[in-house]
Amino acid sequence: MGPPSSSGFYVSRAVALLLAVLAAALLLALAVLAALYGRCARVPPSELLHRGVPDAAPSPPGAQEELLPTRRTGPTREPAVTATPSSGRPPGPWDQLRLPPWLVPLHYELELWPRLRPNESWAPMLTFSGRVNITVRCTVATARLLLHSLFLDCESAEVRGPLSSGTGDGAVGRVPVDSVWFAFDMQYMVLELGGTLQPGSQYELQLSFSGLVYQDLREGLFFNVYTDQGERRALVVSQMEPTFARSVFPCFDEPALKATFNITIIHHPSYVALSNMPKLGQSARRDANGSIWTVTTFSTTPHMPTYLVALAICDYAHVDQTERGKEIRIWARKDAIANRNADFALNITGPIFSFLEDLFNISYPLPKTDIIALPAFDNSAMENWGLLIFDESLLLMQPNDQVTDKKAVISFILSHEIGHQWFGNLVTMNWWNDIWLKEGFASYFEFGVVSNFNPKFPRNEIFFSNILRNVLSEDHALVSRAVSLKVENFKETSEINELFDLFTYNKGASLVRMLSSFLNENFFISALKSYLKTFSYSNAEQDDLWRHFQMVIDDQNKILLPATVKSIMDSWTHQSGFPVITLNVSTGAVKQEPFYLGKVKNETLLTRKLQMIDDAFSLSKNNYIEIETALDLTKYLAEEDEIIVWYTVLVNLITKDLVFDVNSYDMYPLLKKYLLKRLISIWNMYSTLIRENMATLQDDYLALVALEKLFETACWLGLEDCLQLSRELFKNWVHHPENEIPSSIKSVILCYGIALGSEEEWDFLLNMYANKTEEEEKIQLAYAMSCSKDPWILNRYMEYAITGSPFTFNETNVIEVVAASEVGRYIAKDFLVNNWQAVGERYGTQSLVALMYIIGRTISTDLQITELQQFFGNMLEEHQRLTVHAKLQTIKNKNLENRTRNARMTAWLRRNT
């Protein structure tokens, strides 16, 4: 999967709307059911509407006999289907997160039929139905089957077998299915059998089911609604990782339980269907209403886990290319294909595949690759074998994307997902506790791929800026987590989703880089080749990887390690944090200890190329060294012409806490005088390039990464040339929209264009917003409009947001955006007094909590906390008030620490300005 976003887990407005619709439809009886089954709020609607509500859910075997469902007799009897809450059943394997090892899946015959039709008024949800036949091998005699199923309505369940051959042909009989029930908390479907399956024999599970396709939920099956060629259209697509396959079809949804898949998709004839493998054939099917649907079948997949199963149903166009005899197609909105927005991605995809094939000496095993660009996809990108899924903002170039930064983003994300074809798809981690084995390696090889095609690419500096710096700022020994975890630490499925964080991706990549560095590149690649070849189409654990590295080390005598690869690397992967090394310059003694957050004792630190300043500020924030020591390192900056060093200084020094702290008024003039004196040289260098020929920076990725922060700081400090350049670029764009603002500084220019402008400029941006279709651009414009200094404009902006007039501002929470701006924090608070109910209805009550934190960002006394709680008293529920009080206390304590720090910075600036 693509790198994680910073949004965290949330309940979207689409889900909230869905719940509201269901609540209105399910009447009083369903309200009773919801109360009884509190943790099962998304029980399939057809289960509730068509099967009725039982007085009490039956218990599984082991409970009293009279509570069992009535057994049905006859050769074609259907099993009773029930929902059993955890409080109404005895302990059993359904209480464990991992499936019992009774059955091993071998092959799936899967048919899915989403009811997506063109030219419909799409509701917040669609229905789908499906059938799956799963060939399994029994390993332990059992009369009970467990497999994963979530929010699916089971229509029928049969067990055929034992099969007379491994092909699934010729069953000698059937094993009766007496009942089917669901353990919702662990997401299991349980089949109680009237006979016992025998070890060593193969059986076929035949299941029919139905479920819902949710709009923009972006897990399992979901659909996007978008505009193309001036029309509203919709598509259906899947996202199975990590544990969402079970909400699409009953399956054995663990990464080690690989199988082959024959996939069939039934869809409207006007759509194209895509899946992991090439299309095998098509036929027609008539539904009960006489409508004709197209049945598309696909070739058999290699052995793969359920989380890689993929499908898409869309009305898209594509561009294609052939690389080493294998077809590559990129699918996108027809407008985007016509505008050649997919050409850049298409041109680099084939060479990336070829580079990695040659590097690992393993050919990509599938005959084709489809890549589809979605209008909205929160996961950024997904590496499904043969059908990669991207958010279009990370795959498609816009006509105005003329500089390298957008190309670099596309190159990085494509390299990451293509890297997964080996790390994750070909060789899969045994379970999710070792997910870093795929995400860490894919993140690391992004940089190798991009630097291979761009010899001037500053690989180490960008790795530090994009990957390592983020980890070092978060990876404290008391608050982070280990990269590789014990399986027994996991108790709930939701804990798996939490693994997709910067520790898995960024620290994982950093550890891979460290491993490559203390060996050498040749030994590193040689070990990976051995590892990938040995575990192809299979699964591996962390120790398997170390074993192959050790084999390579043992076969040579050039590199001597002080310990085994396993003991060296386990010390990094099995514990959180990183060490601080202290050198006593008087005695020569060296000491190593874990880096803790908020250490009181002062220490000195031996630091290193570029990382010295970042380390110094990080250590000063956590009381390892004095803030004055970090500030002393900035004295030389007048002679510094490396923009990435300036970037490191500015992101540590000019923080949001500092910018928005009204109590820093005494520091601001000192900081302005100190920084501008040193900043002017590098500012003149880059402002000249911006004015004369921005294209000269096209291959300077470091500059493109750092330029926005430089520009933002110079304007915030009131550098007149920065403000004037902002006016010039904004005015030129307003009068000549074809003259796009350079994308690397566009956010800053738009913000200051509004801040320095009037109602006329603001209205221009509003109209631009209304005419844009790209979500990324719309979000950028929505944030820029919050930069206004006119209170009445900001008030009107928030009014537009909650009324949806004259335009709807999509998913951007305008109230939060305004509250986070310099002037808007005061306006938003007053606006909430009169409109808090409307804001809660528009963005959800949880948004009120977020607003409280934003507005209370500068509190420093208990009285301010009390006043803020009284202000929000009517808006929050009781449980929210308790949570908020604790959070506000934390904010207050942090602000008091910052105030002490700022006072010391102010004193230092007085002495050095």
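Residues numbered from 1 in each chain as written. Predicted model: local features only at pLDDT ≥ 70, side-chain atom pairs only at ≥ 80, totals over all residues. Heavy atoms only, no water.

Glancing now at the overall build of the protein chain. Tallying secondary structure elements over the protein chain gives 29 helices and 25 strands in all. Here the protein chain holds 913 residues, and 56% of them are scored as buried. Here the protein chain displays about 38500 Å² of accessible surface, and carbon together with sulfur accounts for 52% of that area. (Helix = DSSP H or I, 4+ residues; strand = E, 2+ residues; numbered from the N terminus. Buried < 20%, exposed > 50% of the residue type's maximum accessible area, 1.4 Å probe, protein only. Areas by Shrake-Rupley, 256 points an atom, 1.4 Å probe, with all protein chains shown as cover.)

Looking now at empty space enclosed by the protein. Considered as a void within the structure, the largest cavity measures approximately 80 Å³ in volume. Taken together, Glu323, Arg324, Lys326, Glu327, Ile328, Phe353, Ser354, Glu357, Tyr364, Lys368 and Thr369 make up the lining of the largest cavity. Of all the secondary-structure elements, those providing two or more residues to the lining of the largest cavity are β18 (326-332), α5 (343-360) and β19 (368-374). Class assignment for the residues of the lining of the largest cavity results in three nonpolar, two polar and six charged. The space that makes up the second largest cavity amounts to roughly 60 Å³. Lining the second largest cavity, in full, are Leu97, His148, Thr243, Arg246, Asp253, Glu254, Trp431, Trp432, Thr493 and Ile496. Within the lining of the second largest cavity, the residues separate by chemical class into four nonpolar, three polar and three charged. (1 Å grid on protein atoms, 1.4 Å probe; cavity = no way out; pocket = protein on both sides within 12 Å on 5 of 7 lines; lining within 4 Å. Points joined across faces, edges and corners; volume = space filled by probe spheres on them. Nonpolar A, V, L, I, M, F, W, Y, C, P; charged D, E, K, R; others polar.)

Positionally, Asp391 belongs in strand β21 (residues 387-391). If sequence neighbours within four positions are ignored, Asp391 has contacts with Leu374, Pro375, Ala376, Phe377 and Ser380. (Contact = heavy atoms within 4.5 Å.)

Among the seven residues in strand β15 (residues 292-298), five count as buried, and that is most of the element. Bridging between strand β12 (residues 260-267) and β15 involves four bridges; their strand directions are antiparallel. Bridge pairing in β15 links Ile266 to Val295. Hairpin connection of strand β14 (residues 279-286) to β15: five residues between the antiparallel strands, including Gly290 at a positive phi of 90°. (Pairing = 2+ DSSP bridges.)

Now for the nonpolar core. Among the nonpolar cores identified, the biggest contains 280 residues, and Leu191, Phe249 and Trp422 are the most heavily contacted of them. In terms of residue count, the dominant contributor to this core is helix α19 (residues 701-716) (11 residues). Setting aside residues up to four positions removed in sequence, Phe249 forms contacts with Tyr108, Leu110, Val132, His148, Leu152, Phe209, Met240, Phe261, Thr306 and Val309. (Core = buried A, V, L, I, M, F, W, Y, C linked by side-chain atoms within 4.5 Å.)

Right, let's talk about the pairing of β14 for a bit. For β14, the tally of buried residues reaches only zero of eight residues, placing the bulk of the element at the surface. Pairing of β14 with β15 involves seven bridges; the strand directions are antiparallel. Bridging from a neighbouring strand, Ala284 pairs with Thr294 of β15.

Next up on the list: helix α7 (residues 436-453). Here α7 spans 26 Å end to end across 18 residues, near enough to the 26 Å set by a 1.5 Å rise per residue. Most of α7 is tucked away: 16 of the 18 residues are buried. (Expected span 1.5 Å × (residues − 1).)

Let us now look at the packing of aromatic side chains. Enumeration over the complete set of coordinates arrives at 37 aromatic pairs. With 5.1 Å between their ring centres and 55° between their planes, Tyr307 and Trp432 make a pair best called tilted. Placement of Tyr307 in the loop between β15 and β16 (311-314) and of Trp432 in the loop between β22 (427-429) and α7 is noted, with a sequence separation of 125 residues between them. Comparing Tyr307 with Trp432, the two get one shared label, buried. A centroid spacing of 6.4 Å and a plane angle of 45° characterise the contact between Trp762 and Tyr800, whose relative ring orientation is tilted. Here Trp762, found in helix α22 (residues 759-771), pairs with Tyr800, found in helix α24 (residues 791-803); they are 38 residues apart in sequence, far enough to count as distant. With a relative accessible area of 1%, Trp762 lands in the buried category. Of the residues examined, Tyr800 reaches a relative accessible area of 19% and is grouped as buried. Joined through ring pairs, the aromatic side chains of Phe353, Phe360, Tyr364, Trp422, Phe423, Trp436, Phe441, Tyr444, Phe445, Phe524, Trp546 and Phe549 make up one cluster. (Phe/Tyr/Trp six-rings, centres within 6.5 Å; stacked < 30°, edge-to-face > 60°.)

Put simply, the protein chain has an average pLDDT of 84, and 87% of its residues get 70 or more. Within the model, pLDDT remains below 50 along residues 5-77, and this stretch shows 80 contacts once partners closer than five positions in the same chain are excluded. (pLDDT = per-residue confidence, 0-100.)

What follows deals with unusual backbone geometry. With an omega dihedral of 5°, the bond running from Gly161 to Pro162 counts as a cis peptide bond. With respect to the helices and strands, the residue Pro162 is situated in the loop between β5 (153-160) and β6 (174-175). Each neighbour pair has its own omega, and for Glu241 with Pro242 the value is 0°, a cis peptide bond. Within the element layout of this structure, Pro242 appears in the loop between β11 (231-239) and β12. Positive phi outside glycine occurs at Arg324, with the angle close to 55°. Within the fold, Arg324 resides in the loop between β17 (317-323) and β18. In this structure Arg324 comes out as partly exposed when scored by relative accessible area, which is 49%. A positive phi angle is found at Arg340, which is not glycine, with a value near 65°. Within the secondary structure, Arg340 is located in the loop between α4 (334-338) and α5. Since its relative accessible area comes to 60%, Arg340 is described here as exposed.

A few words now on the environment of Leu676. Looking at the secondary structure, you find Leu676 in helix α18 (residues 668-692). Setting aside its immediate chain neighbours within four residues, Leu676 contacts Leu671, Leu717 and Leu719.

Remark on secondary structure: sheet strands pair via backbone hydrogen bonds, oriented parallel or antiparallel. If you walk across this open sheet you meet the five strands as β17-β18-β19-β21-β20, and the pairing is mixed. Where the open sheet ends on each side, the last strands, each with one partner, are β17 and β20 (381-382). With five bridges joining them, β18 and β19 adopt parallel strand pairing. Bridge pairing links Ile330 to Ile371 in β19. On the sheet, α5 packs against β17, β18 and β19 and is oriented at approximately 30° with respect to β17. (Axes fitted to C-alpha atoms, helices over the stretch in contact; angles between N-to-C directions.)

To continue, consider the pattern of salt bridges. One pass over the full model with this rule turns up 38 salt bridges. The salt bridge involving Asp763 is made with Arg796; its shortest N-O contact spans 2.9 Å. Placement of the pair is Asp763 in helix α22 and Arg796 in helix α24, with a sequence separation of 33 residues. (Salt bridge = Lys/Arg side-chain N within 4 Å of Asp/Glu carboxyl O.)

So, about α19. Across its 16 residues, α19 extends 24 Å between first and last C-alpha, which sits within 8% of the 22 Å expected from 1.5 Å per residue. The largest bend in α19 is about 40°, located at Leu707. A large share of α19 lies buried, amounting to 13 of its 16 residues. Phi turns positive one or two residues past the end of α19, at Gly718, with a value near 80°. (Bend = angle between axes of the 7 residues up to and from the residue.)

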